[in-house]
Number of protein chains: 2
Amino acid sequence: MKAKFLIAAALLAAPALAEETPAPSPGEIVAAAPAGDWVPIDHQDLLVMDLAPDRESRPRRVVIQLIPAPFSEAWTANIRTLARARWWDGLAIVRAQDNYVVQWGDPDAEDKAKAKPLPPLVTTKESEYLAQTEQVMMVDGQASGMIPRPEVTLARSDPYAPSAGFALGWPIGFRWQSRAIWPVHCYGTVGVGRGMPPDAGSGAELYAVIGHAPRHLDRNIAVVGRVIEGIEHLSTLPRGSEALGFYKTPEERTPIAAIRLGSEVRGLPAYQYLSTESASFARYADARANRRDPFFIVPAGGADICNIPVPVRRAPG
Amino acid sequence: MKAKFLIAAALLAAPALAEETPAPSPGEIVAAAPAGDWVPIDHQDLLVMDLAPDRESRPRRVVIQLIPAPFSEAWTANIRTLARARWWDGLAIVRAQDNYVVQWGDPDAEDKAKAKPLPPLVTTKESEYLAQTEQVMMVDGQASGMIPRPEVTLARSDPYAPSAGFALGWPIGFRWQSRAIWPVHCYGTVGVGRGMPPDAGSGAELYAVIGHAPRHLDRNIAVVGRVIEGIEHLSTLPRGSEALGFYKTPEERTPIAAIRLGSEVRGLPAYQYLSTESASFARYADARANRRDPFFIVPAGGADICNIPVPVRRAPG
């Protein structure tokens, strides 16, 4: 692994400098990635949440990328329906639990008399849960392009899945034997709030992870997206004092001004993610697992899947 | 593993209810732990940081437990010296980087003319770094009590160490072959800020983790403690806009009113942690790795070391 990396690094560096140049940091590898390694994110796959401005009247925009098919399709369809219906406008952040999640939706959802009426939504039964969240990656008897590339697989195994890797730009757990793959919970992951089984949630109540990856939620809750910009507007919200971080009074909740699909938002920047099938990503993931940049004394020799965040940026120029 | 747990659960439940009682959640297991499974934390091992009050004049107290010997002794000795000298009083939180760390110390540390003079401190060379952070757990040729109990070891391996477990109430990485163990970085971990090697830091600049566990820092930075109360006063601080989350202007920094050893603070509550050698902790760790409480559909069959936080509480009564 180390030898392989050094050869790749030598190809990039001028021969005369090869021995003196310090190993690039993960950030330097990403900054040097060629334009062709970046994949544009369609505005139709973005969800733009504008919170009420903060005390200094500064805007607070959170940009979420929805997970692509075939993952969680029933829920992402509902989320598009809710955004087009402007259903979230005027609702609120209802919960902020330290080292866990921030959640938003209808504060009166549990009260039938006061709950905001929902547009027609797809319902998912518990029995369909795994079929929706866990995908078998075989197409016409062949492994599809979504099978994670083994060379990006981490040096040591994952505590929550037989293996972990990346597919279509997302961190996933997988089992080679059954060719099953599923999206996992990392910092910034957006998922579907739900009650006790057989409730599987509709997508009207969403949460974003603001702490250590709650991987025990994998395959128990539908992953529908990830925050790609503005997560600090969620992670710095005051924590709620009630159980699970719910706010005690309506005044403590942060109002949602609007949630829209990116395709409905004028002037939205173009975003890109670093292809997880690119050579740049493989080098970046390797550098995250084996820090050779000058600050580090002992490289770890491995990394957990959530400590290799997929790079996302505004398109340059 | 499952059968073993069910037997233990049956012993606790009334026989007639054994089949109907849902499996206890990790929190319920901790709440039911007998008093003898809790270990008092000496006030001499606490560091109490009072930030300036917030906008509503509410106090902001952060309580940190210092890591016990033999870990990081050179640095915890310096931290005690600095607290007794009231060195941090009037200094500030200088950095808040989302999903990473909040750091405090002397904003003028890099400017020799303006830097606050330090009391006499122990210096650590890079060559002593591993000897300080990584401990060989042999006492008179015998494995000492600090060797982690194998039954608490997680179901799957750790991405950053040959194995991971708990010793003396702290999460650790370890290698059985050489009997080496070292403390790891989880949410809330407090470590020693430093520059490039061979600088090993003095302990005057400290940080607390406010995001996904940055395990790549293990053995590269000295772990000196963990936040046991009030971390929300750090995790909700506005993020800095400069590189690495440093604040751009002095006005953005949060002033530190005082940092004291717990033994110097009047009226400080008594704190306890759940012994990581207790049967209650083993059951709690197992329940974190295999969620059987009613919310969960698919237990993970494993957990990462940082997703099994060691329970800490104020002593009851």
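Each value, and the rule that gives it
- Residues numbered from 1 in each chain as written.
- Chains lettered and ligands numbered in written order.
- Predicted model: local features only at pLDDT ≥ 70, side-chain atom pairs only at ≥ 80, totals over all residues.
- Heavy atoms only, no water.
- Helix = DSSP H or I, 4+ residues; strand = E, 2+ residues; numbered from the N terminus.
- Buried < 20%, exposed > 50% of the residue type's maximum accessible area, 1.4 Å probe, protein only.
- Contact = heavy atoms within 4.5 Å.
- Least-squares fit on C-alpha atoms with pLDDT ≥ 70 in both.
- Pairing = 2+ DSSP bridges.
- Axes fitted to C-alpha atoms, helices over the stretch in contact; angles between N-to-C directions.
- Polar contact = N/O pair within 3.5 Å; in protein donor to acceptor, adjacent residues only side chain to side chain.
- Phe/Tyr/Trp six-rings, centres within 6.5 Å; stacked < 30°, edge-to-face > 60°.
- Lys NZ or Arg CZ within 6 Å of the ring centre and 35° of its normal.
- Disulfide = S-S within 2.5 Å.
- Buried area = accessible area lost by both parts, 1.4 Å probe.
- Salt bridge = Lys/Arg side-chain N within 4 Å of Asp/Glu carboxyl O.
- Nonpolar A, V, L, I, M, F, W, Y, C, P; charged D, E, K, R; others polar.

Peer 1: Can you help me understand the overall build of chain A in this one?
Peer 2: Each helix and strand counted, chain A has six helices and 17 strands in total. Relative to its 317 residues, chain A shows a buried fraction of 54%. Across chain A, contacts joining residues at least 24 apart in sequence account for 74% of those joining residues at least 6 apart.

Peer 1: Would you take a moment to explain the relation of the copies chain B and chain A for this structure?
Peer 2: Both copies of the chain are placed relative to one another by a rotation about an axis and a shift along it. Superposition record for chain B on chain A: RMSD 0.0 Å, screw rotation 180°, translation along axis 0.0 Å. As the rotation angle and translation indicate, the two copies are arranged about a two-fold axis. When the interface residues of chain B are mapped onto chain A, 100% of them again fall at the interface, so both copies present the same face.

Peer 1: Can you help me understand the sheet that holds strand β2 (residues 46–51) of chain A in this one?
Peer 2: Adjacent strands of a sheet form backbone hydrogen bonds with each other and so pair up, either parallel or antiparallel. All names here are of chain A. Pairing is antiparallel around the closed barrel formed by eight strands, whose spatial order is β2-β3-β14-β12-β13-β5-β4-β15. When strand polarity is set aside, the average angle formed by the axes of neighbouring strands in this sheet is 35°. Bridge count for strand β3 (residues 60–66) against strand β14 (residues 223–229) is four bridges, and the pairing is antiparallel. Bridge pairing in β14 places Leu 66 opposite Gly 225. This element, helix α3 (residues 73–84), spans β2, β3, β12 (189–192), β13 (206–209), β14 and β15 (254–261) of the sheet and lies at about 105° to β15.

Peer 1: Can you walk me through the side chain of His 212 of chain A in this structure?
Peer 2: Structurally, the position occupied by His 212 of chain A is in the loop between β13 and β14. At 3.1 Å, the side chain of His 212 of chain A forms a polar contact with the backbone nitrogen of Ala 213 of chain B. When near neighbours in sequence (up to four residues on either side) are disregarded, His 212 of chain A contacts Asn 99 of chain A together with Tyr 187, Gly 211, His 212, Ala 213, Asp 304, Cys 306 and Asn 307 of chain B.

Peer 1: Help me understand the sheet that holds strand β14 (residues 223–229) of chain B, please; the structure alone is not making it clear to me.
Peer 2: All names here are of chain B. Read around the closed barrel, the eight strands follow the order β2-β3-β14-β12-β13-β5-β4-β15; overall the barrel is antiparallel. Neighbour-to-neighbour, the strand axes of this sheet turn through a mean angle of 35°, independent of strand direction. Looking at chain direction, strand β4 (residues 92–96) and strand β15 (residues 254–261) are connected through two bridges and run antiparallel. The residue of β15 that forms the bridge with Ile 93 is Thr 254. Lying over the sheet, helix α3 (residues 73–84) contacts β2 (46–51), β3 (60–66), β12 (189–192), β13 (206–209), β14 and β15, oriented at roughly 105° with respect to β15.

Peer 1: When you look at helix α6 (residues 279–289) of chain B in this model, what are you seeing that I'm missing?
Peer 2: Residues that lie three or four places apart on an α-helix share one face, since the helix turns once every 3.6 residues. Across the eleven residues that make up α6 of chain B, a large majority, nine, are buried. If you check which residues of α6 of chain B are buried, you get Ser 280, Phe 281, Arg 283, Tyr 284, Ala 285, Asp 286, Ala 287, Arg 288 and Ala 289 of chain B.

Peer 1: Got a minute to help me understand the packing of aromatic side chains in this structure?
Peer 2: Given two aromatic rings, their pairing is described by the distance between the two centres and the angle made by the two planes. All chains considered together, the criterion is met by eight aromatic pairs over all chains. Note on Phe 166 of chain A and Phe 281 of chain A: the rings are 4.8 Å apart at their centroids and 75° apart in plane angle, and the pair reads as edge-to-face. Here Phe 166 of chain A is found in strand β9 (residues 163–167), whereas its partner Phe 281 of chain A is found in helix α6 (residues 279–289), with 115 residues between them in sequence. As far as the burial class goes, Phe 166 of chain A and Phe 281 of chain A line up, both buried. Plain terms: the ring middles of Trp 87 of chain B and Trp 88 of chain B are 6.1 Å apart, the flat faces sit at 70° to each other, and that makes the pair edge-to-face. By relative accessible area, which is 5% here, Trp 87 of chain B ends up buried. When its relative accessible area of 0% is taken as the criterion, Trp 88 of chain B is described as buried. Among the aromatic residues, those joined into a cluster by ring pairs are Phe 166, Phe 281 and Tyr 284 of chain A. For the cation-ring pair, Arg 219 of chain A lies above Trp 182 of chain A, with the distance from its terminal atom to the ring centre recorded as 4.4 Å. The ring of Trp 38 of chain B is capped by Arg 313 of chain B, whose NZ or CZ atom sits 3.8 Å from the centre of that ring.

Peer 1: Would you take a moment to explain the state of the cysteines for this structure?
Peer 2: Here, the word disulfide means a covalent bond between the sulfur atoms of two cysteines. Residues and elements named next belong to chain A. Applying the stated rule across the entire model yields two disulfides over all chains. A disulfide bridge connects Cys 186 with Cys 306, and the sulfur atoms are separated by 2.0 Å. Judged by the sign of its S-S torsion, about -75°, the bond between Cys 186 and Cys 306 is left-handed. Note that Cys 186 is positioned in the loop between β11 (180–183) and β12 and Cys 306 in the loop between α6 and β17 (312–314), a separation of 120 residues in sequence. With respect to burial, Cys 186 and Cys 306 carry one shared label: buried.

Peer 1: How should I be thinking about the side chain of His 216 of chain B in this particular structure?
Peer 2: If you trace the backbone, His 216 of chain B turns up in the loop between β13 and β14. Residue His 216 of chain B is classed as buried on the basis of its relative accessible area, which comes to 5%. At a separation of 3.1 Å, a polar atom in the side chain of His 216 of chain B contacts the side chain of Asn 307 of chain A. Beyond its immediate chain neighbours, meaning those up to four positions away, His 216 of chain B contacts Arg 288, Arg 291, Phe 296 and Asn 307 of chain A together with Tyr 100 and Tyr 160 of chain B.

Peer 1: Is there a simple way to think about the interface of chain B and chain A in this case?
Peer 2: By a widely used convention, the size of an interface equals the accessible area lost when the partners come together. On the chain A side, the residues contacting the 48 residues of chain B number 49 residues. Taking both partners together, chain B and chain A bury about 4300 Å²; carbon and sulfur atoms supply 57% of that area. If you sort the residues of chain B by the area they bury against chain A, His 212, Phe 295 and Ile 297 of chain B come out on top, with a joint share of 17%. At the junction of chain B and chain A, the tally comes to two salt bridges. Between Glu 56 of chain A and Arg 55 of chain B there is a salt bridge, and its shortest N-O distance comes to 2.7 Å. Applying the counting rule to chain B against chain A returns 25 residue pairs in polar contact (both at pLDDT 80 or more). Mapped by element, the contributors of at least two residues to the side of chain B that touches chain A are α4 (129–133) and α5 (232–235) of chain B. Across the side of chain B that touches chain A, the residue classes tally to 23 nonpolar, eleven polar and 14 charged.

Peer 1: Any chance you could explain the environment of Ala 200 of chain A here in plain terms?
Peer 2: Relative to the helices and strands, Ala 200 of chain A resides in the loop between β12 and β13. Note: C-alpha distance between Ala 200 of chain A and Ile 221 of chain A (21 residues apart in sequence) is 7.6 Å.

Keep in mind these numbers describe shape, not what the thing actually does.
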